[in-house]
Amino acid sequence: MDYELSYLKMLEAESIHIMREVAAEFERPVLLFSGGKDSCVMLHIATKAFWPAKPPFPVMHVDTGHNFDEVIEFRDRTVERLGLRLIVASVEESIRQGRVVEETGPRASRNRLQTVTLLDAIEEHQFDAVFGGARRDEEKARAKERVFSFRDEFGQWDPKNQRPELWSLYNGRHKKGEHIRVFPLSNWTELDIWQYIKSEGIELPSIYYAHRRQVFRRDGMLLAVTPYIQMMETEEAFEAMVRFRTVGDATCTGAVESSADTIEKVIAETAATRITERGATRADDRISEAGMEDRKKEGYF
């Protein structure tokens, strides 16, 4: 076994251990599943952790309603194939109920509205542990997370009030109304994710690979032309060969110009890049230096 494969097996074993700890310690866990590559890897590891049984928890998608069609089709097909229970927490429903107010204008996005929808779903279903796919190289605020990240009764996160995890011992104690965000991929990088996808033959939505698509430039990013985003008069659509490094709300998820139409080419491209995926392709992460941390303190992913 070469070094790369043994390293991936070590990461996998750690993630399996974390998932089994959650299944043993918590009563109502849930796994966040958007159809993105990190959640696909997380779900694949969950199926291995509890094989031949199904994962002992449902999966949940916090759905803005502004999705790429390829991702929603893939999400539904994957859940059906694995025989899992899917919970869809709808931002659109939160808007209808008056829980949040939809933004307007060409830069409007529902991405920031997901926090309220997520916290409402956690309360409604009384989830006490929520699996998320954050990685150590993804974003500065997410690198501050513990594997077991405590959230208070309001769903808020205090980065200065987290529990030590010496020797990989995880403290899941919590009171009623509190919950723990669990990050089994905490020690993974984007390159690790792609190498693992290749070694395990994990299927992903097609938009992760290079394809031709109508896009336009905004703030140095390539955004896809979709029914959900309003182009400005100065913006012009054109066709380009692109792929997505991350998937999310179509109004703020950018593409990168790429010819990487195979997993081998994607791995080579990922190994060479010096820009984080969210820094390069997520408009909502450019609000401020501490934008993500402020949102996480409010209860965001």
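Scroll up to find the structure this text is about.
Residues numbered from 1 in each chain as written. Predicted model: local features only at pLDDT ≥ 70, side-chain atom pairs only at ≥ 80, totals over all residues. Heavy atoms only, no water.

Some words on a nonpolar patch on the surface
Together, L166, W167 and L169 give the surface a local cluster of nonpolar side chains, amounting to about 440 Å² of exposed area. Within the secondary structure, W167 sits in the loop between β5 (148-151) and β6 (179-182). (Patch = residues over 30% accessible without salt bridge, like charges linked within 9 Å, V, L, I, M, F, W, Y side chains within 5 Å. Areas by Shrake-Rupley, 256 points an atom, 1.4 Å probe, with all protein chains shown as cover. Salt bridge = Lys/Arg side-chain N within 4 Å of Asp/Glu carboxyl O. Helix = DSSP H or I, 4+ residues; strand = E, 2+ residues; numbered from the N terminus.)

Thoughts on the sheet that holds strand β8 (residues 221-224)
Read around the barrel, four strands follow the order β7-β8-β10-β9 and close on themselves; strand pairing throughout is antiparallel. Going across the sheet, the axis of each strand differs from the next one's by a mean of 70 degrees, ignoring polarity. (Pairing = 2+ DSSP bridges. Axes fitted to C-alpha atoms, helices over the stretch in contact; angles between N-to-C directions.)

Regarding the packing of aromatic side chains
Applying the stated criterion across every chain yields a total of eight aromatic pairs. Look at F68 and F244: their rings are 4.8 Å apart centre to centre, the planes differ by 55 degrees, and that puts the pair in the tilted class. Within this pair, whereas F68 is found in the loop between β2 (59-63) and α3 (69-82), its partner F244 is found in the loop between β9 (238-243) and β10 (254-257), the two being separated by 176 residues in sequence. By the burial criterion, F68 is buried, and F244 matches it. Summarising the aromatic geometry, the rings of W194 and Y208 are spaced 5.9 Å apart at their centres and angled 75 degrees between planes, so their arrangement reads as edge-to-face. Placement of W194 in helix α7 (residues 190-200) and of Y208 in the loop between α7 and β7 (211-218) is noted, with a sequence separation of 14 residues between them. Among the aromatic residues, those joined into a cluster by ring pairs are F26, F148 and Y170. (Phe/Tyr/Trp six-rings, centres within 6.5 Å; stacked < 30°, edge-to-face > 60°. Buried < 20%, exposed > 50% of the residue type's maximum accessible area, 1.4 Å probe, protein only.)

Regarding the packing of α7 against helix α8 (residues 263-272)
Their axes nearest at 9 Å, the elements α7 and α8 cross at an angle of 165 degrees. Looking at the two axes, α7 sits roughly antiparallel to α8. Relative to α8, α7 is oriented so that their crossing is left-handed. The residues of α8 that touch α7, namely those facing E190, L191, W194, Q195, I197 and K198, are I263, E264, V266, I267, T270 and A271. Partitioning the contact of α7 with α8 into residue classes produces seven nonpolar, two polar and three charged. (Parallel < 35°, antiparallel > 145°, perpendicular 65-115°, else oblique. Left-handed = near helix turned anticlockwise from the far one by under 90°. Contact = heavy atoms within 4.5 Å. Nonpolar A, V, L, I, M, F, W, Y, C, P; charged D, E, K, R; others polar.)

Notes on unusual backbone geometry
A cis geometry characterises the amide bond from W51 onward to P52, with omega recorded as 10 degrees. Relative to the assigned elements, P52 resides in the loop between α2 (37-49) and β2. The phi torsion at Q126 lies on the positive side, around 55 degrees, for a residue other than glycine. Tracing the backbone through its elements, the reader meets Q126 in the loop between α5 (114-125) and β4 (129-131). Residue Q126 is classed as exposed on the basis of its relative accessible area, which comes to 54%. Here the phi dihedral of D219 falls at roughly 55 degrees; this positive angle occurs in a residue that is not glycine.

Scope: geometric values only; no functional claims are made or implied.
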